[in-house]
Amino acid sequence: MNNSDALSLEQRVDFMDVISESLRISQRTHLFNWLQGGFQGLVGHEIMIFGIKSSENDSYHFEYFTSSRYFGDVQFSAVIERDVGLVSQVLNLWQETSLPLFVNNQDKPMQHGSYRVVNFDQEALVTSELKDFVMYGFGHNQSELSSIVIFARLHKQANTAYAQMLELIMPHLHCVLIRVTSNRVNTLTSSDNLGRLITKRESEVLQWLHMGKTNWEISTILGISPLTVKNHVQNVIRKLSVLNRSQAAVKAAKLGLIRMLK
């Protein structure tokens, strides 16, 4: 390791402060504030996407935090779309080595001893609003609960020190994520079960909800009354255990219950 890649004394002090603060995190608001505090000095980013899964055969349940006005539910749903989303594609690459995986087009593709760099379609990176990002995980094939994180719109370039910091901080971040989401992990309904609960017509309504259509527009597209559409919307909101139509569309995309229309 070059001296320029080693952690500085200031980074080591900041790391200890960040880890100490992590022990008091139990709510999403605490987590967001933690990520925007001293954490930024260690892993500077504007967007964090994280996924939790509870078994080897389960799929990741994704959520996100962002300080960027360019990234919201629409972009989030696109990047986590099962099989074809940017996160799904990069996840397959990360699983090949389980090393911190930096995705950018500024560095040449390489596999260092402690991290890997891959290039990706520039248009896909720009459209996703993630720009440069890094993916890393914890507990993969080693524990009942595993997590994956993506830090995007990075403030620093890929190097050994960055990769080392990710390896140091990931076990603590994993514990924080499990603690914050534990009240939901145990009650999440699997996508297979939800897929059986959602009817074909409800799935069609969800598809158009995801495209931002109103009840009246959906009724015209499907040839049914607006009242019938409203009833379908209320049913999927109840079945998905969400508060509104927007949350229903996002959760359906997360669970792979719909496919995004191109």
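The rules we used
- Residues numbered from 1 in each chain as written.
- Predicted model: local features only at pLDDT ≥ 70, side-chain atom pairs only at ≥ 80, totals over all residues.
- Heavy atoms only, no water.
- Helix = DSSP H or I, 4+ residues; strand = E, 2+ residues; numbered from the N terminus.
- Buried < 20%, exposed > 50% of the residue type's maximum accessible area, 1.4 Å probe, protein only.
- Contact = heavy atoms within 4.5 Å.
- Areas by Shrake-Rupley, 256 points an atom, 1.4 Å probe, with all protein chains shown as cover.
- Salt bridge = Lys/Arg side-chain N within 4 Å of Asp/Glu carboxyl O.
- Pairing = 2+ DSSP bridges.
- Phe/Tyr/Trp six-rings, centres within 6.5 Å; stacked < 30°, edge-to-face > 60°.
- Axes fitted to C-alpha atoms, helices over the stretch in contact; angles between N-to-C directions.
- Parallel < 35°, antiparallel > 145°, perpendicular 65-115°, else oblique.
- Left-handed = near helix turned anticlockwise from the far one by under 90°.
- Nonpolar A, V, L, I, M, F, W, Y, C, P; charged D, E, K, R; others polar.
- Core = buried A, V, L, I, M, F, W, Y, C linked by side-chain atoms within 4.5 Å.
- Expected span 1.5 Å × (residues − 1).
- Arc of directions from axis to C-beta.

A. Main features of the overall build of the protein. The secondary structure content of the protein amounts to 12 helices and seven strands. The buried share of the protein, reckoned over its 262 residues, is 48%. Of the contacts formed within the protein by residues at least 6 apart in sequence, a portion of 62% connects residues at least 24 apart. Split by element, the accessible area of the protein, about 13300 Å² in all, is 50% carbon and sulfur.

B. Layout of the pattern of salt bridges. Applying the stated criterion to the full structure yields five salt bridges. Across the pair R153 and E129 runs a salt bridge whose closest N-O atoms are separated by 2.6 Å. In this pair, R153 sits in the loop between β7 (146–152) and α7 (160–185) while E129 sits in the loop between α6 (122–128) and β6 (133–138), placing the two residues 24 residues apart along the sequence. By the burial criterion, R153 is buried, and E129 matches it. A salt bridge links K239 to E202; the nearest nitrogen and oxygen atoms lie 2.8 Å apart.

C. Representation of the pairing of β7. When you tally the buried positions in β7, you get seven out of seven residues, the bulk of the element. The alternating pattern of β7 places S146, I148, I150 and A152 and S147, V149 and F151 on opposite faces, both of which are buried. Here strand β1 (residues 47–53) runs beside β7; their pairing, made up of seven bridges, is antiparallel. For I49, the partnering residue across the bridge sits in β7 and is I150. Where β6 lies against β7, six bridges are found, and the strand directions are antiparallel. Bridging across to β7, G137 finds its partner in I148.

D. Quick peek at the packing of aromatic side chains. For the coordinates displayed, the defined rule picks out nine aromatic pairs. Members of the aromatic cluster, each reached through a chain of ring pairs, are F32, F50 and F65.

E. View of the sheet that holds β1. Taken in spatial order, the seven strands of this open sheet run β2-β1-β7-β6-β3-β5-β4, and their pairing is mixed. The sheet is open, and its two borders are formed by β2 (61–66) and β4 (110–111), each paired with just one other strand. Two elements, strand β3 (residues 101–103) and β6, share three bridges in a ladder whose sense is antiparallel. The residue bridging L101 from the neighbouring strand is M135, located in β6. Packing of helix α5 (residues 86–94) onto the sheet brings it into contact with β1, β2, β3, β5 (116–118), β6 and β7, and relative to β6 it is tilted by some 60°.

F. Focus on the packing of helix α9 (residues 200–210) against helix α10 (residues 215–222). Direction vectors running N to C along α9 and α10 enclose 125°, while the axes themselves pass 10 Å from each other. With respect to α10, the element α9 is oriented oblique. Judged by the sense of rotation from one axis to the other, the crossing of α9 with α10 is right-handed. Between α9 and α10, the residues in contact are R201, E204, V205, W208 and L209 and I218, I221 and L222, respectively. A per-class count over the contact of α9 with α10 returns six nonpolar, no polar and two charged.

G. Region of the structure containing the nonpolar core. Grouped together as the largest cluster of nonpolar side chains are 62 residues, with contacts concentrated most on L31, W34, I49, F102, L130, F133 and F151. By residue number, the principal contributor to this core is α7, which donates 12 residues. Among the nonpolar cores identified, the runner-up in size contains 19 residues, and I198, V205, A249 and L255 belong to it.

H. Quick peek at the side chain of H174. Mapped onto the fold, H174 is located in helix α7. In this structure H174 touches F138, L145, S146 and S147, once residues within four positions along its chain are discounted.

I. Structural context of helix α11 (residues 226–239). Relative to the 20 Å expected for 14 residues at 1.5 Å per residue, α11 spans 20 Å between its end C-alpha atoms, a close match to the ideal helical length. Of the positions making up α11, those classed as buried are V229, H232, V233, V236, I237 and K239. Seen from one end, α11 has its buried residues packed into an arc of 165°, which puts them on one side. Residues L227 and R238 are exposed on α11 and point more than 90 degrees away from its buried face. S241 sits one or two residues past α11 and shows a positive phi near 55°.

Purely geometric stuff here, so don't read any function into it on its own.
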